[in-house]
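Now for the letters of each chain:
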Amino acid sequence: MDIKLEKKPWYIRYRSYLLAGGAFVIFLIYVISLSLGPRKLRIEADNIQIAEVRNGKFMEYVDVEGLVQPILTIKVNTREAGSVERIVTEEGSMMKKGDTILVLTNPDLIREIEDQRDEWENQRYSYKEREIEMEQKSLALKQQALQTQYEMSRLQKSFGLEKEEYKMGIKSKAQLEVSEDEYNYNVKKTALQMESLQQDSAMTIIRKELLRNEMERGQKKFLRSMDRLEGLIVRAPIDGQLSYVNATPGQQVASNSNIAEIKVLDQFKIHTQLSEYYIDRITTGLPATVNYQGKKYPLKITKVVPEVKDRMFDVDLVFTGEMPENVRVGKSFRVQIELGQPEDALVMPRGNFYQATGGQWIYKVNGDKAVRVPLTIGRQNPQQYEVTEGLQGGDLVIVTGYDNFGEAEELILK
């Protein structure tokens, strides 16, 4: 006997389809809610760096690498042309001022100086002869002056005697007048002779002075030519280390050629390059420091080259106090150049978020989440950023890992 089965309700018969459809609808709603809501990303908290924004001191400075260089480098040039006869001092040797570096030879110069020596000897003999002639003339003039003075004295005595004879009646008045006229004539003649002798004496003195000056000029000219022989010996102009010699034995070099270099090593400077961004703020006298093995060594800027090459410009600094013990030419140090005094500011550590966001936003941590917030960065140094807007003291922010966050607006920290 067949038993009639009761037909099940439709929702029982199609319940599997209904469950599947409901699940699909729920999934669709979830996907739509995700697309309409903020984009989220789950990340491992151990893979990021979280830093605290705090109120503290901000020091604006530049951190760069600098190379130790000698305080002064002297170029040594030749004074005379010639061929290198021998090199006396090797590269790297320490030298004192006046030490010989190398010796040149120049046969043409030597012959020229010998000719000038012969010319000077001939001139000297000629000067001596003229000087003797002038001395003899001076003696003759003195003798003439003495003779004239003697004649004047004799005439005066003779005229006085004739006046006495006139008073005694031995001579007549006419004879006295004749004697007086002759006496007056001889007096005037003698005065003219004395004046002429004085002028001749003065001219002789002038000629002798001119001759001495001419002799001195000739002597100086000859000594200058002799100094050219000294120019064939290239000497150190200052104490220091001979860093290189740009010559080989037998090489022909021209005058005023750069042939060697001496480095002054009693003090050092640090040379570095800075970005053109700082060119308006870097001036001579700005303080700086070198941090080496836990100790700070002070420096100051002594030279700023304003010419920009490849968006960089050159700066020289010198130590103003104690120097590190192992300072050597070519050694590098990290140098911090101060651009101002420490100031109170809201600061945060540096991180790669700045490169990813341009400093316009950052992820702010709130519990196990982090959300984007707008941000304004002011000044910066190699360790800190100055926060001017968007955050407050005590806020926690994510400063690293931005290359992995994509466009996520919210991070879920695991």
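Cut-off values and rules
Counting starts from 1 at the beginning of each chain's written sequence and moves along it residue by residue. For this predicted model, a pLDDT threshold of at least 70 governs which residues receive local features, and a threshold of 80 or more governs which side-chain atom pairs are given and counted, while totals over whole chains, interfaces and linings are taken from all residues. By convention in this description, side-chain values take in all heavy atoms of the structure and omit both hydrogens and water. Under the scheme used here, helices are H or I runs from DSSP no shorter than 4 residues and strands are E runs no shorter than 2 residues, and both carry numbers assigned from the N terminus. When we talk radius of gyration, it's over C-alpha atoms, and the globule rule is simply 2.2 Å times the number of residues to the 0.38. Classification of residues uses two cut-offs on accessible area relative to the type maximum, computed with a 1.4 Å probe and protein chains only: under 20% is buried, over 50% is exposed, and between them is partly exposed. Only heavy atoms matter for contacts: two residues are in contact if any of them lie within 4.5 Å across the pair. Accessible surface area values rest on a Shrake-Rupley calculation with a 1.4 Å probe, where residue burial reflects the displayed protein chains alone. Confidence of the predictor at the level of single residues is given by pLDDT, which spans 0 to 100. Cavities and pockets were defined on a 1 Å grid built from protein atoms only: a cavity is a group of points that admits a 1.4 Å probe but offers it no way out, a pocket is an open group of points flanked by protein on both sides within 12 Å along at least five of seven lines, and a lining residue is one with an atom within 4 Å of any such point. Grid points are joined across faces, edges and corners, and a volume is the space filled by probe spheres set on the points. Gly is placed with the polar residues, together with every amino acid not listed as nonpolar (Ala, Val, Leu, Ile, Met, Phe, Trp, Tyr, Cys and Pro) or charged (Asp, Glu, Lys and Arg). Any two strands with at least two DSSP-identified bridges between them are counted as paired. Counted as a polar contact is a pair of N or O atoms within 3.5 Å, where, for protein atoms, one must be capable of donating a hydrogen and the other of accepting one, and residues adjacent in sequence contribute only when both atoms are in side chains. Note on terminology: a nonpolar core comprises buried Ala, Val, Leu, Ile, Met, Phe, Trp, Tyr and Cys residues joined through side-chain atoms within 4.5 Å.

Caption draft 1: Structural detail: the overall build of the chain. The number of helices and strands found in the chain is five helices and 22 strands. Computed over its C-alpha atoms, the radius of gyration of the chain comes to 52 Å, more than 25% above the 22 Å expected for a compact globule of 414 residues. Overall, the C-alpha framework of the chain stretches about 220 × 60 × 35 Å when taken along its three principal axes. Taking all 414 residues of the chain together, 31% fall into the buried category. By sequence separation, contacts in the chain at least 24 residues apart represent 75% of the contacts at least 6 residues apart. In the structure as shown, the chain presents an accessible area of about 27,200 Å², 51% of it carried by carbon and sulfur atoms.

Caption draft 2: The confidence of the model for the chain, seen in detail. Per-residue confidence for the chain gives a mean pLDDT of 82; residues scoring 70 or more make up 91%. Least confident of the elements in the chain is helix α1 (residues 10-13), whose mean pLDDT is 56; most confident is strand β14 (residues 312-319), at 93.

Caption draft 3: Representation of empty space enclosed by the protein. Enumeration over the complete set of coordinates arrives at one cavity of 30 Å³ or more. A volume near 30 Å³ is recorded for the largest cavity. As for the largest cavity, its lining consists of E131, E135, K208, L211 and R212. If you list the elements that add at least two residues to the lining of the largest cavity, you get α3 (107-167) and α4 (173-230). The element that contributes the greatest number of residues to the lining of the largest cavity is α4, accounting for three residues. Across the lining of the largest cavity, the residue classes break down as one nonpolar, no polar and four charged.

Caption draft 4: Focus on the pairing of strand β9 (residues 240-245). Relative to β9, strand β6 (residues 94-95) runs antiparallel, the two sharing two bridges. In the sheet register, M94 faces β9, and the bridge partner there is Q241. Here four bridges tie β9 to strand β11 (residues 258-275), and the two strands are oriented antiparallel to one another. From the neighbouring strand, Q241 faces β11, where its bridge partner is K263.

Caption draft 5: Just the environment of I377, in detail. Along the chain, I377 turns up in strand β19 (residues 376-380). Along the sequence, I377 and L155 sit 222 residues apart, while their C-alpha atoms lie 117 Å from each other. Ignoring anything within four residues of it in the chain, the contact list for I377 reads Y354, G359, Y385, E386, V387 and T388.

Caption draft 6: Molecular detail of the side chain of N381. If you trace the backbone, N381 turns up in the loop between β19 and β20 (384-389). Given a relative accessible area of 4%, N381 falls into the buried group. One polar contact links the side chain of N381 to the main-chain carbonyl oxygen of M59, over a distance of 2.6 Å. In contact with N381, other than residues within four places in its own chain, are F58, M59, E60, Y61 and R350.

Caption draft 7: Summary view of the nonpolar core. Ranked by internal contacts, the top residues of the largest apolar core, which has 26 residues, are M348, I362, Y363, L391 and I398. Secondary-structure elements contributing two or more residues to this core are β16 (343-349), β17 (361-366), β18 (369-374), β20, β21 (396-398) and β22 (410-413). When residues in this core are grouped by element, the largest group, four residues, is from β17. Among the nonpolar cores identified, the runner-up in size contains 24 residues, and I270, L274, Y297 and V335 belong to it.

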